[in-house]
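A structural walkthrough
Here is what each chain is made of, one letter per residue.
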Amino acid sequence: MDSMLSLIIGIAVVACLLVGLVVGLVVSSRRGSRPGPPVEGDAPATTVPPAQAPVEPDAEVVPDEAPTQAPVETVEEPAAPALDVPEPASSRLVRLRQRLAGSQNALGKGLLALLSRDRIDEDTWESIEDTLLTADVGVAATTELVEKLRTRLRVEGGGDARQVLREELVALIGADVDRSLSVSGAGEDPGVVLVVGVNGAGKTTTVGKIARILVAEQRSVVLGAADTFRAAAAEQLTTWGDRVGVPVVRGEEGSDPAAVAYRAVDAGAEQGADTVLVDTAGRLQNKKGLMDELGKVKRVVEKKAAVTETLLVLDATTGQNGLIQARVFAEAVDVSGIVLTKLDGSAKGGIVVAVQRELGVPVKLVGLGEGADDLAPFEPGAFVDALLS
Ligand SMILES: Nc1nc2c(ncn2[C@@H]2O[C@H](COP(=O)(O)OP(=O)(O)OP(=O)(O)O)[C@@H](O)[C@H]2O)c(=O)[nH]1
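It should be emphasised that the depicted structure is a prediction, and the values quoted were computed from it without experimental measurement.

If you look at the biggest cluster of nonpolar residues, it comprises 83 residues, and the most contacted ones within it are Leu115, Leu277 and Leu340. Tallying contributions element by element places helix H2 (residues 89–115) first for this core, with 9 residues. A domain split of this core shows at least three residues from each of domain 1 (89–173) and domain 2 (191–335). Not counting the four nearest positions on each side in its chain, leucine 115 is found in contact with Ile120, Trp125, Ile128, Leu149, Leu153, Ala161 and Leu165. If you look at the next biggest cluster of nonpolar residues, it comprises 19 residues, including Val192, Ala261, Ala267 and Val276.

As structure tokens, this is what we get:
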């Protein structure tokens, strides 16, 4: 009986061992067939498809085996785009002076040729007046300049015509005027720069270019896209901001521009920014509407921080039309400076004189191209030198 029991136990033990061995083999063979977790840097496994007969385009190909697991995708974070390094002011000025000289050459050369004649008779003075009027200098400024030139060149016996012309042109433009931008606020407040002007004058582009100038000067900037009239304007401003790593506060298309401007200034204050630049819409179809809108933007922003500069952007190629626009905007807001854009595309640099006289406000910046750094501080001496070069 005992030997019988020992035999049964022995058989049971052997059976258990056999079952364990078989189970172990199966499990280990399954483990070996499962793919391991993806390892960074592992070369992807290449599967060479077996040679097979061409398949009809619409024949359904059924895979031999359904995949046991969805393929693991490694999602790579897109690398942050490299930021632009804005051109420093010094090299920008040299480059843009040459461009200015190119566009204003006809005016300067024309005046010099007339004034260098051996005898300046009445016809010549008339031609000088015509040249100035054609360049949009304006009637009053032209009369004033011609009187001064007559006195110095004819009555006083003249001297170097180029030198006299240079001095009188610089004096006409205003050499001693403060043309610096007020971009700093009081105490902890950011400086707030409102940029106004009719659509298409180059407002948004100018805001982007000013941001680059400030970034090049190591200032921290926030942009406010308060031109909510056109969605593309906010888009355009965001592109400018992204290129130099400057945040842009924007709102829905059609939303209240004053609210967007306020949020931008609020964000600037919160972040301790040096300057907030606010782009505005410039529809001119209704003067009252424009005045109400810009007035409200200013009032609402000033609940947070004072507006330190209001720049009016004018397209230099629009001549007398530009002056009419300037008048309307100056009635709507207190303009403290003028940005004359597209001077590279106009031979009528005399508009600088006309618009300053019209508004009693200095031209502070000039746009000289579509490039990102094609905006320069306006310097009367350099401007006249470019004119006469
Ligand atoms: N040649 C030249 N083109 C300029 C200059 N400034 C702006 N532009 C161009 O003028 C066009 C209009 O500029 P925007 O900045 O869109 O004008 P905006 O006043 O903001 O107009 P909206 O966006 O419609 O409100 C763009 O094609 C600019 O590249 C400049 O100084 N010279």
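Per the UniProt annotation, the sites labelled "domain: SRP54-type proteins GTP-binding" (unreviewed entry) are residues 362–375. The span residues 362–375 carries 0% helix and 43% strand; its end-to-end C-alpha distance comes to 16 Å.

Time to look at the pairing of strand S1 (residues 191–196). Every regular strand shows the same layout, with side chains that alternate between the two sheet faces. Counting buried residues along S1, 6 of its 6 residues qualify, which places the element largely inside the surrounding structure. Neither face of S1 is left uncovered, since the one carrying Gly191, Val193 and Val195 and the one carrying Val192, Leu194 and Val196 both have all their residues buried. With 5 bridges joining them, S1 and strand S4 (residues 275–280) adopt parallel strand pairing. In the strand pairing of S4, leucine 194 is matched with valine 278. Here S1 runs beside strand S5 (residues 307–315); their pairing, made up of 5 bridges, is parallel. Its bridge partner being in S5, valine 193 is matched across the sheet by glutamate 309.

When the pLDDT values of the protein are averaged, the result is 80; 78% of them are 70 or greater. Here residues 18–75 is a poorly scored stretch, pLDDT under 50, and it has 2 contacts once near neighbours within four places are set aside; other chains count.

The next point concerns the site of the ligand. Inspection of the region around the ligand gives 19 residues, with Gly200, Thr204, Thr205, Arg230 and Glu370 positioned closest. In this structure, aspartate 344 approaches the ligand through a side-chain N or O atom, which is 2.8 Å from a nitrogen atom. The contact in question runs from an oxygen atom of the ligand to an N or O atom on the side chain of glutamate 370, over 2.7 Å. Contact with the protein chains removes 81% of the 650 Å² of surface that the ligand exposes when unbound. When each cavity is represented as a set of grid points, the ligand is found to reside in the largest pocket. Examining the composition of the shell around the ligand, we find that 4 residues originate from one element, helix H6 (residues 203–216), more than from any other.

Before going further, it helps to examine the sheet that holds strand S7 (residues 363–367). An order of S3-S2-S4-S1-S5-S6-S7-S8 is seen for the 8 strands of this open sheet, with the pairing classed as mixed. Unpaired on one side and paired on the other, strand S3 (248–250) and strand S8 (375–377) mark the two borders of the sheet. This sheet shows a mean twist of 20° between the axes of neighbouring strands, independent of strand direction. Bridge count between S7 and S8: 3 bridges; the pairing is antiparallel. Paired with glycine 367 across the strands is leucine 375, a residue of S8. Sheet contacts for H6: S1, strand S2 (221–226), S4, S5, strand S6 (337–341), S7 and S8; angle to S4, the most-contacted strand, approximately 170°. Across the sheet, helix H7 (residues 231–244) is in contact with S2, S3 and S4; its angle to S3 comes to roughly 165°.

Take the pattern of salt bridges next. Evaluation of the coordinates by the stated rule reveals 22 salt bridges. Glutamate 122 serves as the salt-bridge partner of arginine 150, at 2.8 Å between the closest nitrogen and oxygen. Residue arginine 150 is located in helix H4 (residues 139–155), and its partner glutamate 122 is located in helix H3 (residues 122–134); the two are separated by 28 residues in the primary sequence. Under the relative-accessibility criterion, arginine 150 is labelled buried at 16%. Since its relative accessible area comes to 42%, glutamate 122 is described here as partly exposed. Linking glutamate 235 and arginine 250 is a salt bridge whose minimum nitrogen-to-oxygen distance equals 3.0 Å. Here glutamate 235, found in helix H7, pairs with arginine 250, found in strand S3; they are 15 residues apart in sequence, far enough to count as distant.

A few words now on helix H10 (residues 319–332). Here H10 is 14 residues long and its end C-alpha atoms lie 21 Å apart, about the 20 Å a rise of 1.5 Å per residue gives. Those residues of H10 that sit buried are Gly319, Gly322, Leu323, Gln325, Ala326, Val328, Phe329 and Ala332. Buried residues along H10 sit in contact with S1, helix H9 (287–301), S5 and helix H11 (351–359).

Attention now goes to the packing of helix H8 (residues 257–271) against H9. Relative to each other, H8 and H9 sit at 30°, their axes nearing to 8 Å. When the interaxial angle is binned, H8 and H9 end up roughly parallel. Note that H8 runs across H9; the crossing there is right-handed. Across the interface between the two elements, Pro257, Ala258, Ala261, Tyr262 and Val265 from H8 touch Glu293, Lys296, Val297, Val300 and Val301 from H9. Of the residues belonging to the contact of H8 with H9, the class tally is 8 nonpolar, no polar and 2 charged.

Definitions and limits used
- Residues numbered from 1 in each chain as written.
- Predicted model: local features only at pLDDT ≥ 70, side-chain atom pairs only at ≥ 80, totals over all residues.
- Heavy atoms only, no water.
- Core = buried A, V, L, I, M, F, W, Y, C linked by side-chain atoms within 4.5 Å.
- Buried < 20%, exposed > 50% of the residue type's maximum accessible area, 1.4 Å probe, protein only.
- Helix = DSSP H or I, 4+ residues; strand = E, 2+ residues; numbered from the N terminus.
- Domains from an automatic or database assignment.
- Contact = heavy atoms within 4.5 Å.
- UniProt positions renumbered as here; feature names shortened; annotations may be inferred.
- Pairing = 2+ DSSP bridges.
- pLDDT = per-residue confidence, 0-100.
- Near = heavy atom within 4 Å.
- Polar contact = N/O pair within 3.5 Å; in protein donor to acceptor, adjacent residues only side chain to side chain.
- Areas by Shrake-Rupley, 256 points an atom, 1.4 Å probe, with all protein chains shown as cover.
- 1 Å grid on protein atoms, 1.4 Å probe; cavity = no way out; pocket = protein on both sides within 12 Å on 5 of 7 lines; lining within 4 Å.
- Sits in = over half its atoms within 2 Å of the grid points.
- Axes fitted to C-alpha atoms, helices over the stretch in contact; angles between N-to-C directions.
- Salt bridge = Lys/Arg side-chain N within 4 Å of Asp/Glu carboxyl O.
- Expected span 1.5 Å × (residues − 1).
- Parallel < 35°, antiparallel > 145°, perpendicular 65-115°, else oblique.
- Left-handed = near helix turned anticlockwise from the far one by under 90°.
- Nonpolar A, V, L, I, M, F, W, Y, C, P; charged D, E, K, R; others polar.

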